[in-house]
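Next come the chains, spelled out residue by residue.
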Amino acid sequence: MEKLYRYFPLSDSVHPGDLRTAVISVLIYLAACAVMGVLQAILGWIPIVGGLIRLILSILGLYGVAGIILSILKYFRS
């Protein structure tokens, strides 16, 4: 589990039992995904750029879900 935090430094900043840091971490992951969703809505109609943004959005979505899960797991670790 500690090896994963190298790729998810925001999740590593969550302190066990500290709800404030956990919520901030989850909100940052969600905000990053939301920004990419807005970019897809704005630039999605361009054929090549739209496909590239969809690919990046998929990868970022998976990264966000994994980061949120790690943040929640670290919050409940005591």
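These numbers come from a predicted model, not from an experiment.

Procedures and definitions
- By convention here, each chain's residues receive numbers from 1 onward along its written sequence.
- Only residues with pLDDT of 70 or above have their local features reported here, since the model is predicted, and side-chain atom pairs are shown and tallied only from 80 upward, although totals for entire chains, interfaces and linings are computed over all residues.
- The side-chain values count all of the structure's non-hydrogen atoms but skip hydrogen atoms and water molecules.
- The helix and strand labels rest on DSSP assignments: H or I over at least four residues marks a helix, E over at least two residues marks a strand, and numbering proceeds from the N terminus.
- A simple rule labels every residue: compare its accessible area, found with a 1.4 Å probe on the protein chains alone, to the largest value its type can have, and call it buried under 20%, exposed over 50%, or partly exposed in between.
- Any pair of residues with heavy atoms lying within 4.5 Å of one another is described as a contacting pair.
- Residues form patches when they are more than 30% accessible in relative terms and have no salt bridge. Like charges link within 9 Å. Nonpolar side chains (Val, Leu, Ile, Met, Phe, Trp, Tyr) link within 5 Å.
- To measure how exposed things are, a 1.4 Å probe is used in the Shrake-Rupley method; for residues, cover is taken only from the protein chains shown.
- The salt bridge criterion pairs a side-chain nitrogen of Lys or Arg with a carboxyl oxygen of Asp or Glu, the two atoms within 4 Å.
- Within this scheme, the nonpolar core is defined by two criteria: the residues are buried Ala, Val, Leu, Ile, Met, Phe, Trp, Tyr or Cys, and they are joined through side-chain atoms within 4.5 Å.
- Between the first and last residue of a helix there are one fewer steps than residues, each counted as 1.5 Å, and that sum is the expected span.

A. Region of the structure containing the side chain of K74. Looking at the secondary structure, you find K74 in helix α3 (residues 47-76). Under the relative-accessibility criterion, K74 is labelled buried at 13%. Contacts of K74, omitting those with residues within four sequence positions, involve Y5, S11, D12, V14 and P16.

B. Looking closely at a nonpolar patch on the surface. Taken together, the side chains of M1, L4, Y7, V65, I69 and L73 make up a nonpolar region of the molecular surface, amounting to roughly 570 Å² of accessible area. Along the polypeptide, L4 turns up in the segment before α1 (9-12). According to the relative accessible area criterion, L4 is partly exposed, its value standing at 39%.

C. Representation of the nonpolar core. Listed in full, the six residues of the largest apolar core are Y5, F8, V26, Y29, I68 and L70. In contact with Y29, not counting residues within four places along its chain, are F8, L10, S11, Y63, G64, G67, I68 and S71.

D. Fine view of the pattern of salt bridges. Tallying each qualifying case throughout the model produces one salt bridge. D12 is the salt-bridge partner of K74, the closest N and O atoms lying 2.7 Å from each other. Taken together, the positions of K74 in helix α3 and D12 in helix α1 put the pair 62 residues apart, joining distant regions of the chain. For D12, a relative accessible area of 35% puts it in the partly exposed group.

E. Focus on helix α2 (residues 19-43). Taking 1.5 Å per residue, 25 residues should reach 36 Å; α2 reaches 36 Å between its end C-alpha atoms and fits that length. For α2, the full list of buried residues reads T21, A22, S25, V26, Y29 and M36. On its buried face, α2 is in contact with α1 and α3.

F. Up close: the environment of H15. Tracing the backbone shows H15 in the loop between α1 and α2. Through-space distance from the C-alpha of H15 to that of E2 is 14 Å; in sequence the pair is 13 residues apart. Excluding anything up to four places from it in sequence, H15 contacts T21 and Y75.

G. Structural context of the environment of R20. By secondary structure assignment, the location of R20 is in helix α2. On the basis of relative accessible area, R20 is assigned to the exposed category, the value being 55%. Once the C-alpha coordinates of R20 and L70 are considered, the two residues, 50 residues apart in sequence, prove to be 15 Å apart.

Purely geometric stuff here, so don't read any function into it on its own.
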